[in-house]
Amino acid sequence: MDHLQKPSELIQDLHSINAVKFGSFKLKSGIMSPFYFDLRAMISYPNTLLKASEHVYDILQNLEYESICGVPYTALPIASCISTMHRVPMLLKRKEAKSYGTKKMVEGVFVNGDRCVIVEDVVTSGGSVLETAACLKSEGLVVTDVITILDRGQGGQKNLENQGITLHSVLSIQSVIAALLESAKITSEQAETSLNFIETNQLISKSVIDPIEDIVLRLHDIGSFRFGSFKLSNGMITPIYIDLRLVISHPSLMSDICKQMYKLVEGVVQFDILCGVPYAALHLATCIANDHGLNNVLLRKVVKQYGTGKLIEGVYKEGQKCLVVEDVMVSGQGIYESCESLKSQGVEATDVLLVLDREQNGERNLKKQGIRLHCLIRVSEALDILLKHKRIDAELSNEVMRFLKANPANIPFAKAEDHQRTSQINKLLPFDERAALCSNPVSKKLFTIMHEKHTNLCLSADVTTVDMLLKLADQVGPHICMLKTHVDILEDFTTAAVAQLVELSQKHNFVIFEDRKFSDIGSTVKQQYAGGLYKIADWSEVTTAHSIPGPGIVQALQAVGSPKGRACVLLAEMSSKGNLTNASYSVATVNMAREYSDFVIGFISQSKLTSDPTLLHMTPGVKNTDKGDNLGQQYVNAADAVTLRGADIIIVGRGITQAADPVAAANEYKNLGYESYENLRTQQKSDE
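Please give an account of the sheet that holds strand 15 (residues 348-357) that cites residues and values.
One open sheet accounts for 6 strands, arranged 13-12-11-14-15-16; its pairing is mixed. Two strands bound the open sheet, and with one partner strand each, they are strand 13 (312-313) and strand 16 (372-378). In the sheet, strand 11 (residues 273-276) pairs with strand 14 (residues 321-329) via 4 bridges, with the strands oriented parallel. Residue pairing in the sheet places glycine 276 in a bridge with valine 325 of strand 14.

How would you summarise empty space enclosed by the protein if you had to cite specific residues and measurements?
Applying the stated criterion across every chain, the model contains 3 cavities of 30 Å³ or more. Put simply, the second largest cavity is a space of about 60 Å³. Residue lining of the second largest cavity: Val466, Leu469, Thr485, Val487, Leu490, Ala497, Val498, Leu501 and Trp539, and that is the complete set. Elements supplying a minimum of two residues to the lining of the second largest cavity: helix 18 (466-476) and helix 19 (495-508). At 3 residues, helix 19 tops the list of elements feeding residues into the lining of the second largest cavity. Class assignment of the residues belonging to the lining of the second largest cavity gives a composition of 8 nonpolar, 1 polar and no charged.

Give me the lowdown on the packing of aromatic side chains, citing residues and values where you can.
Tallied over the full model, the rule gives 10 aromatic pairs. Here the aromatic rings of phenylalanine 22 and phenylalanine 35 are separated by 6.1 Å at their centres, their planes lie at 50°, and the arrangement is tilted. Residue phenylalanine 22 is found in strand 1 (residues 20-26), and its partner phenylalanine 35 is found in strand 2 (residues 32-37); the two are separated by 13 residues along the sequence. Phenylalanine 22 gets classed as buried once you look at its relative accessible area, which sits at 16%. A relative accessible area of 0% means that phenylalanine 35 is categorised as buried.

Tell me about the nonpolar core, residues and numbers included.
Residues Met482 and Met618 are the most contacted members of the largest nonpolar core, which totals 82 residues. Ranked by residue count, the leading element in this core is helix 18, at 6 residues. Not counting residues up to four positions away in its chain, the partners in contact with methionine 482 are Leu446, Leu457, Cys458, Leu459, Phe510, Val511, Phe513, Val542, Met618 and Ile649.

Got a sec to walk through helix 4 (residues 127-138)? Specific residues and values, please.
Under the 1.5 Å per step criterion, the end-to-end length of helix 4 is 17 Å for 12 residues, consistent within 8% with the ideal 16 Å. Looking at helix 4, one finds that the buried residues are Val129, Thr132, Ala133, Ala134, Cys135, Leu136 and Ser138. Phi turns positive, to about 95°, at glycine 140, one or two residues after helix 4.

Could you give me a rundown of the side chain of serine 460, with the residues and numbers involved?
By the element assignment, serine 460 lies in strand 17 (residues 457-460). Separated by 3.2 Å, the side chains of serine 460 and lysine 484 make a polar contact. Once residues within four sequence positions are removed from consideration, serine 460 is found in contact with Lys484, Ile651, Val652, Gly653 and Thr657.

I'd like a rundown of helix 10 (residues 282-292), residues and numbers included.
Inspection of helix 10 places His283, Leu284, Ala285, Cys287, Ile288 and Ala289 among the buried residues, and these make up the whole buried set. The secondary structure elements touched by the buried residues of helix 10 are helix 9 (251-265), strand 11, strand 12 (295-299), strand 14 and strand 15. Within two residues after helix 10, glycine 293 carries a phi angle of roughly 65°, on the positive side.

Mind laying out the sheet that holds strand 3 (residues 67-70), listing which residues take part and the relevant values?
Across the sheet, which stays open at both edges, the 6 strands sit in the order 5-4-3-6-7-8 with mixed pairing between neighbours. Each edge of the open sheet carries a strand with a single partner, namely strand 5 (106-107) and strand 8 (166-172). Looking at chain direction, strand 4 (residues 90-93) and strand 5 are connected through 2 bridges and run antiparallel. Considered in strand 5, the bridge of leucine 92 is made with glutamate 107. Along the sheet, helix 4 makes contact with strand 3, strand 4, strand 5, strand 6 (116-123) and strand 7 (145-151), crossing strand 6 at roughly 160°.

Residue-level account of the packing of helix 8 (residues 211-221) against helix 13 (residues 379-388), with values.
As a packed pair, helix 8 and helix 13 sit with axes 10 Å apart at the nearest point and diverge in direction by 75°. Classified by the interaxial angle, the pair formed by helix 8 and helix 13 is roughly perpendicular. Along the contact surface, helix 8 presents Ile212, Glu213, Val216, Leu217 and His220, while helix 13 presents Ala382, Ile385, Leu386 and Lys388. Its residues placed into classes, the contact of helix 8 with helix 13 shows 6 nonpolar, 1 polar and 2 charged.

Which residues make up the confidence of the model for the chain, and what values go with them?
Averaged over the chain, the pLDDT score is 88; the fraction of residues at 70 or greater is 89%. Contacts of residues 414-426 to residues separated by more than four positions or lying in other chains number 27 contacts, the stretch itself having pLDDT below 50.

So, the packing of helix 8 against helix 9: which residues are in play, and what are the values?
In contact at an axis separation of 11 Å, helix 8 and helix 9 are set at 145° when each is read in the N-to-C sense. Regarding helix 8 and helix 9, the two cross each other, and that crossing is left-handed. Residues Pro211, Ile212, Ile215, Arg218 and Leu219 of helix 8 touch helix 9, and the partners they reach there are Ser252, Leu253, Asp256, Ile257 and Gln260. Taken together, the residues that form the contact of helix 8 with helix 9 break down as 6 nonpolar, 2 polar and 2 charged.

So what about unusual backbone geometry? Which residues, and what values?
The omega torsion of the bond from proline 72 to tyrosine 73 falls at -5°, within 30 degrees of zero and hence cis. Its location among the elements puts tyrosine 73 in the loop between strand 3 and helix 3 (76-86). Of note in this structure, glutamate 359 is not a glycine but carries a positive phi near 60°. Assessed through its relative accessible area of 29%, glutamate 359 is described here as partly exposed.

Tell me about the environment of glutamine 527, and name the residues and values.
In this structure, glutamine 527 sits in helix 20 (residues 522-530). Assessed through its relative accessible area of 60%, glutamine 527 is described here as exposed. Reaching out from glutamine 527, the side chain makes a polar contact with the backbone oxygen of serine 523 at a distance of 3.4 Å.

I'd like a description of the environment of leucine 160, backed by residues and values.
Within the secondary structure, leucine 160 sits in helix 5 (residues 156-162). Excluding residues that lie within four positions of it along the chain, leucine 160 makes contacts with Gly126, Val129, Leu130, Val146, Ile165 and Leu167.

So what's going on with the pairing of strand 23 (residues 616-619)? Which residues, and what values?
Residues Leu616 and Met618 of strand 23 are buried on one face, and the alternating residues His617 and Thr619, pointing to the opposite face, are buried as well. In terms of strand pairing, strand 22 (residues 600-604) meets strand 23 through 3 bridges, oriented parallel. Opposite glycine 602, over in strand 23, you have leucine 616 as the bridge partner. Across 2 bridges, the pairing between strand 23 and strand 24 (residues 649-652) is parallel. Among the inter-strand pairings, methionine 618 is bridged to a residue of strand 24, identified as isoleucine 649.

Conventions adopted
- Residues numbered from 1 in each chain as written.
- Predicted model: local features only at pLDDT ≥ 70, side-chain atom pairs only at ≥ 80, totals over all residues.
- Heavy atoms only, no water.
- Pairing = 2+ DSSP bridges.
- Helix = DSSP H or I, 4+ residues; strand = E, 2+ residues; numbered from the N terminus.
- 1 Å grid on protein atoms, 1.4 Å probe; cavity = no way out; pocket = protein on both sides within 12 Å on 5 of 7 lines; lining within 4 Å.
- Points joined across faces, edges and corners; volume = space filled by probe spheres on them.
- Nonpolar A, V, L, I, M, F, W, Y, C, P; charged D, E, K, R; others polar.
- Phe/Tyr/Trp six-rings, centres within 6.5 Å; stacked < 30°, edge-to-face > 60°.
- Buried < 20%, exposed > 50% of the residue type's maximum accessible area, 1.4 Å probe, protein only.
- Core = buried A, V, L, I, M, F, W, Y, C linked by side-chain atoms within 4.5 Å.
- Contact = heavy atoms within 4.5 Å.
- Expected span 1.5 Å × (residues − 1).
- Polar contact = N/O pair within 3.5 Å; in protein donor to acceptor, adjacent residues only side chain to side chain.
- Axes fitted to C-alpha atoms, helices over the stretch in contact; angles between N-to-C directions.
- Parallel < 35°, antiparallel > 145°, perpendicular 65-115°, else oblique.
- pLDDT = per-residue confidence, 0-100.
- Left-handed = near helix turned anticlockwise from the far one by under 90°.

Dropping the structure here:
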């Protein structure tokens, strides 16, 4: 700028208004200083204030920014002057939030990601600037630059640089001393004394802060702690929201968090592999694994319907111990579900490494299931740290803790005895031994048929006429353990027809399975199962239901079916592309099956969900082709369904019904399925 005065002229102006003084002055720290700068005097000298502000604006023009913010309160006049003269948007950072109104710490208009340049009058150690920067960052602003009129040269530049902030100064203490010495405003003795003082009184910050305290403050800086009114997934309104996913964009902070986490378990917890709860904790587990050379695996939320179809990706063995990693815990349900998924694959998961516990009953919930928690930070500790550093006030801290204590989060876990039964046997047993363990007469019968007939094949007879159904049942009956119907697609259904089907099931020794997929409320389902046109409970030994409505649907079916010696299979996973089932749904379904194990005998699934030998895994969509259909069906071949996806029973439809020779096709699938199961058992024995 052509009209911008020289820095030496600004120094003379500041000296003339007593904003720059030399002598002997006691500082706030108690140290005696040979000079003192009081730039607040400029508010009474508008010409000097304007000139100083123009120097700041000259530097500002070379930076990228959306707004400026003066450090409260001494730099507010400078920032206001720049904002007014040059139409620069300005923000105001409060020293403390008001207890009324909006209670904002930062006033003004901005959006997340806006760049804000801090304006200061004098920088010594940079502490006030860092406090202002932390507040701005916590609101989602980006702060990388600060402009000051005067740098006292006592370590502020280095301290700011250590926090990723660049200091731009209009004047340095050395330039002030040199200009005043040249103009005879100070003596050479004063100049020498001042320079010696600067050299011997550096205020470089040496971090002695507790590492956990440091992490909490940095999390607050990046906006991981948010206070206000937030709606949770369960509909509850909470005054605090904690988003640790943001650390993925701050590698230094993430690294420090992971180092402190690992210290909690190093030499204390014995484990073979790490696994992050999908998907928010994957980066934490990966960081810990990379830093310490540990084996890390990935747990899927949803099993892919192509490729290997694995629930766990990576290298692991049954019987290994897994340390589960999570970022934030409320009820602990996500942790519990991950542990259950790992257990279903034969992996032991009893220890959890956690960044932050919201203290809403999660630790107690996990303890009931034999899961030990190793927690880095509890929310009460975080609030105390933020309160100590005046990031929040006592009123807000108390409000948050009252909410958390008043709103414990619980999980409807399965019965402990069911977990004990599940953990008894992780290895594959012969079908006759599994039959001996069953209490439900249908599952006992089914396992016995599978053993005696050497088949784990279920025919999905999706045909539209009774003649076609009965013909298929008679032809293929010798090769199957189950025949699955969709009775509502039969165009000529009669009660006489199902009577003939029952006769064929007795002739060829197979179980009739009506794939009804009940999904309504209990009272409706009860009527659908017992009555109506089809009277399913009278002739079908097994039927299917969704677990979406909750346990009421199983209770309703059981009330009708148990007296007739029937059983239910729950849909835990589906084979169609884009289906909405996920790991949480599947785990909840397994829990429901355990709760009603005297009636529920297994699952429709695409992966092995539990090691309980009494529960059957039935995998649909089996066809020895790599193609699907145009309605989203995705196929898996018979061998992969058993060896890779853990199927006990393979369900084959069009691979048989549309074959040129259905009997030959059924025999082929029968042999593939049964041999795959036996081969898997043999392989398991050799691994032992």
